[in-house]
Amino acid sequence: MDTAHGDPRPEPRSSDACRTRVVLDIVGDKWSLLVVRNLRDGPRRFTELKRAIDGISQRMLTVTLRSLERDGILTRTVHGVMPPHVSYELTEMGVALREATAPLLEWSVAHLARIDDARAAYDARTDG
């Protein structure tokens, strides 16, 4: 603890650095970030998420949602209406993750065409 500055945080342990890989797995997983991004405007149903996230299979969406729920990033709510439905919503921690990763997603969208061009140029090279 940095008592001189009143910082109550404990000194980081070496195991903490290794454990951050678990958190980085969330950020590094393309489906997780897309789910988090699609929940930015509030709760959504499974079918809405499936439609909004191009290319994700039903199984992968289910696995991703369960993982994010387990990690405390989102909550799953079963609504007792007829017919019953389930919605997903970001937790406080999920909102913080969305805010932290929004610039990365914006960068991705802004640079997609340039990345496509660079890949095409690289693939066209004949120097092997």
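This one's a predicted model, so the numbers in the text were calculated from it and none came from an experiment. (Residues numbered from 1 in each chain as written. Predicted model: local features only at pLDDT ≥ 70, side-chain atom pairs only at ≥ 80, totals over all residues. Heavy atoms only, no water.)

Novice: Before we go on, may I ask you to explain the overall build of the protein in this structure?
Specialist: Looking only at helices and strands, the protein features five helices and three strands. Beginning at the N terminus, the succession of helices and strands in the protein can be written as α-α-β-α-α-β-β-α. Every one of the 128 residues in the protein was classed for burial, and the buried ones make up 23%. Here the analysis covers contacts within the protein between residues at least 6 apart in sequence; of these, 44% occur between residues at least 24 apart. Carbon and sulfur atoms make up 54% of the accessible area of the protein, which amounts to about 9600 Å² in all. (Helix = DSSP H or I, 4+ residues; strand = E, 2+ residues; numbered from the N terminus. Buried < 20%, exposed > 50% of the residue type's maximum accessible area, 1.4 Å probe, protein only. Contact = heavy atoms within 4.5 Å. Areas by Shrake-Rupley, 256 points an atom, 1.4 Å probe, with all protein chains shown as cover.)

Novice: Which parts of the structure should I look at to understand the sheet that holds strand β2 (residues 74-79)?
Specialist: Backbone hydrogen bonds hold the strands of a sheet together, and the pairing may be parallel or antiparallel. Strand order in the open sheet formed by three strands is β1-β3-β2, and the pairing between neighbours is antiparallel. Edge positions in the sheet fall to β1 (44-45) and β2, since each has one partner strand and no second. In this sheet, strand β3 (residues 85-90) lies alongside β1 in antiparallel orientation, the contact comprising two bridges. Paired with R45 across the strands is S87, a residue of β3. (Pairing = 2+ DSSP bridges.)

Taken by themselves, the reported measurements are silent on function.
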